[in-house]
Every structure is written in structure tokens, then in C-alpha cells.
Amino acid sequence: MSSYVLFCKRFLNLILVLFLITPVVVNYWRGTWYILDLFVFPDDGILSASTTFTASFGAMFLIMLVEDYLKEFLNERKASKGLYLVLFYPLAFMTVASWRGLWMLLDYYTTTSLTSACVSHVIGFLIVLSLKTTSTIIAIPGYCISERHVDLSKNILAGKQCLRNNTSACADVATRILNSFVTIFVIGAGVVCYWRGTWLIIVTTVKHPSRHPSDKLISSIPVIGLGYAILCMCYCLSECVSSIKLNPPYSLLMRALEQIFVYILGFGVVVSWVGIWHLMDLLMDSYLLPDNPVTSVLVCHFAGIVALYLLQASVNLIGSPLGCRVHGSETLEGFDMGSYIEKPVRIEPNKQEDTTTDP
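Everything in this summary refers to the structure shown in the same document. (Residues numbered from 1 in each chain as written. Predicted model: local features only at pLDDT ≥ 70, side-chain atom pairs only at ≥ 80, totals over all residues. Heavy atoms only, no water.)

Some thoughts on the pattern of salt bridges
Reasoning step 1: What the rule picks out here adds up to 10 salt bridges.
Reasoning step 2: In this structure, the salt-bridge partner of Glu67 is Lys71, at a minimum N-O distance of 3.0 Å. One end of the pair, Glu67, and the other, Lys71, are both in helix α3 (residues 67-76), 4 residues apart, so they sit about a helical turn from each other. By the burial criterion, Glu67 is buried, and Lys71 matches it.
Reasoning step 3: A single network of salt bridges, built from pairs that share partners, joins Arg30, Asp281 and Asp285. (Salt bridge = Lys/Arg side-chain N within 4 Å of Asp/Glu carboxyl O. Helix = DSSP H or I, 4+ residues; strand = E, 2+ residues; numbered from the N terminus. Buried < 20%, exposed > 50% of the residue type's maximum accessible area, 1.4 Å probe, protein only.)

A few points about the environment of Gln259
Reasoning step 1: Tracing the sequence through the fold places Gln259 in helix α9 (residues 252-288).
Reasoning step 2: Excluding its chain neighbours within four sequence positions, the residues that come into contact with Gln259 are Phe125, Leu129, Thr134 and His327. (Contact = heavy atoms within 4.5 Å.)

Brief notes about the environment of Cys300
Reasoning step 1: You can see Cys300 is positioned in helix α10 (residues 293-310).
Reasoning step 2: Separated by 274 residues in the primary sequence, Cys300 and Val26 place their C-alpha atoms 9.3 Å from one another.

Here we look at a nonpolar patch on the surface
Reasoning step 1: Taken together, the side chains of Met233, Leu237, Leu253, Leu257, Ile260, Tyr263 and Ile264 define a hydrophobic patch exposed on the protein surface, amounting to about 620 Å² of accessible area.
Reasoning step 2: When residues of the nonpolar patch are traced back to their parent elements, those giving at least two are α8 (213-242) and α9.
Reasoning step 3: Per element, the largest residue contribution to the nonpolar patch is 5 residues, and it comes from α9.
Reasoning step 4: Counting through the fold element by element, Ile264 comes out in helix α9.
Reasoning step 5: When its relative accessible area of 33% is taken as the criterion, Ile264 is described as partly exposed. (Patch = residues over 30% accessible without salt bridge, like charges linked within 9 Å, V, L, I, M, F, W, Y side chains within 5 Å. Areas by Shrake-Rupley, 256 points an atom, 1.4 Å probe, with all protein chains shown as cover.)

Description of the nonpolar core
Reasoning step 1: Within the largest apolar cluster, 88 residues are counted, with the highest numbers of intra-cluster contacts made by Ile21, Trp29, Leu91, Ile137, Trp195 and Trp273.
Reasoning step 2: Ranked by the residues each element gives to this core, the list is headed by α9, at 15 residues.
Reasoning step 3: Apart from residues no more than four positions distant in its own chain, Trp195 is found in contact with Trp99, Trp103, Ile137, Ala139, Val269, Val270 and Trp273. (Core = buried A, V, L, I, M, F, W, Y, C linked by side-chain atoms within 4.5 Å.)

Focus: the side chain of Arg30
Reasoning step 1: Looking at where Arg30 falls in the secondary structure, it is placed in helix α1 (residues 3-39).
Reasoning step 2: Given a relative accessible area of 1%, Arg30 falls into the buried group.

Considerations on α10
Reasoning step 1: Under the 1.5 Å per step criterion, the end-to-end length of α10 is 26 Å for 18 residues, consistent within 8% with the ideal 26 Å.
Reasoning step 2: Among all positions in α10, only Ser296, Val297, Cys300, His301, Gly304, Ile305 and Leu308 are buried. Mapping the buried residues of α10 onto a view down its axis gives an arc of 145 degrees, with all of them on the same face.
Reasoning step 3: The secondary structure elements touched by the buried residues of α10 are α1, α4 (80-110) and α9.
Reasoning step 4: A positive backbone phi angle near 55 degrees is found at Gln312, which sits one or two residues after α10. (Expected span 1.5 Å × (residues − 1). Arc of directions from axis to C-beta.)

And the structure:
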């Protein structure tokens, strides 16, 4: 494949991820979050947060316990891909509910001060760093795939294997409980803490004292621009790294660069989400449906999920706590930003298949 065609496909992939799929995903999250605000004990924030936290984290923990059996059941069905797609909707809803519940509890018990935000940011990143799952903090547009090109059974409900499964029945149960607990409650909480802290830092920094819609618009656009600039830079670096032959074992310097890359990429992702979220708040609340909050959030929720199913990108809604990306010794997971368009394979001239036949 020529370099020009390869460049065009990778550029098109970036444009689709940034300007089509990402706003749709953020739109779904925003609508779902506000649905919970409106319908789950709206007059009691603590009760609402506690309910969504307990129900979502509890349900996800049980799902991770039977993750192998669930995937085995789905894979044996003829319409396995369709069943996975149906499963995405409740999983996505639980993911948003879990983030909202823990986020609100942290806001209530630790305040939303800049100090609290910085502590939350640092603790969250240290948790995922210590468990070699820093890439788990990366959401779209920092990582994007399509269900057309991936094995769904390997890209959802992927837990942290702290212990290997044992042949003993009792040991197997204990192993499943530990692995599920770490994946859901430890790594999941770490990711939410990182996002909450980073989000509050950004909001505190760019908060505009005026409530006028035009001022909110002026403050949202630069935030999106900053986030997308960071993402574009990381995307280019990721493409460069993928073009270089790097074989394990990787040096300590390479591993350190990987973590720095993930940290910068994670910050860019959160910045872009803050800008898009606030821009959607402005558009929906001030211009499109200013006097219909229920209709507004329902439109965002259902329009988002339908659009993602049509784009075959609904798999991007499934993230932590319902899975994690583990940094193994054989790969540089942190530099992988995924691909919505099937990534072309570079074929070197000396490695092309020899189609000649012997006389």
C-alpha cells in the first residue's frame, strides 16, 4: 500500500474519531448522567449517589465473576455478535451510573476544591500505575475501535489477572472474587478518581464568572481546541511508534516514555470531554431545548446510543470498571490508540508473498 493512501486512511480515521464518534459518545454519557440526576432521588444527592454506586458496582462485580461463562454462552450462539451488541446497552448504562455514583460521593465527602481535585488526580493515576493498567484511563478519542474489526469477546469485560485460575474449585472461586474485586473496585475507582480530579482541575482553571451563553461558548471552544491539539500530537507520535520495529524486552526508558505518553494522552482526553460536555450544555439548555430538561436528556441519551450502533462504534462505551487494559511485557499497550477504520498493514517489499511457481 502506497504511503499516500496509508496517510489518507489514517488522517480520515482521526477526523472521524474526533469530529463524529467522540461527540456522540460524550453526548450519550451526558444524557445518561442527567437522566440519573432527574429520576434517581433528585431531591437527595447523597441518596441518589449511594444508590447508583451500590447498584452499579454490585451488578458489575457479579458480571465480572461470571465473565468467562457469559462469554462462553454468547460465543456458542449463532448470532453471538448481535447478542454482544444487545449487551452493550445495559453495560454502558451501568458504566455511567457507576462513575456518577462514585464521583458524586467523592465530591460530597472531599469537596470540590482544587486541593481535593489534585489529590484525586494523583491518587487515581498512582493506583492504575501500580497495577500496570494506566491505559485504562484512556477513553475515546484517545482510544477508539469498531466492532467490525475486533473480537468482541476479547475487547469487553477484560479483567486484571492478579491470580491465575486454579484447578481447585474453591481456589478458582477465590481467584475470581479477587480478580473481579481488583478490576471493579480498585482499578475502576482509580480511573474515576483520576478523571474527577483532572476534570475539576480543568473546570477550576477555565471557569468563566459570567453565565451569559456567549461567554460560555467562548470558554468551551478553546478547551476543545486544546484537547484536540494534544490528541493530534499523541496520534502522530503513536503512528510513528507503530512504524518502528520494537521487539521485547523493552528498555526501562521505553517503558517510562510509554507512561509519560499515556499521562499526556489522558489529560488531552479529559480536556476534550470537558469542552464538548459544556458545549452540549450550552446548546441544549440555551438554544435547542431550554425549557424541556427531560426531553433534552432523553434525546441526548437515545440519539447517542442509536448513532453509535449505526456507526458500529458502540463498543467504545464499554470501559472501566467493566474491564481494563493491562500493560504486559510483550506489548507497548500505552502507545496503541486503536483504530476505527481498519488499520492498513504495512508490507515491506522484501516480505511480499512470493507468488512464483517452480518450473
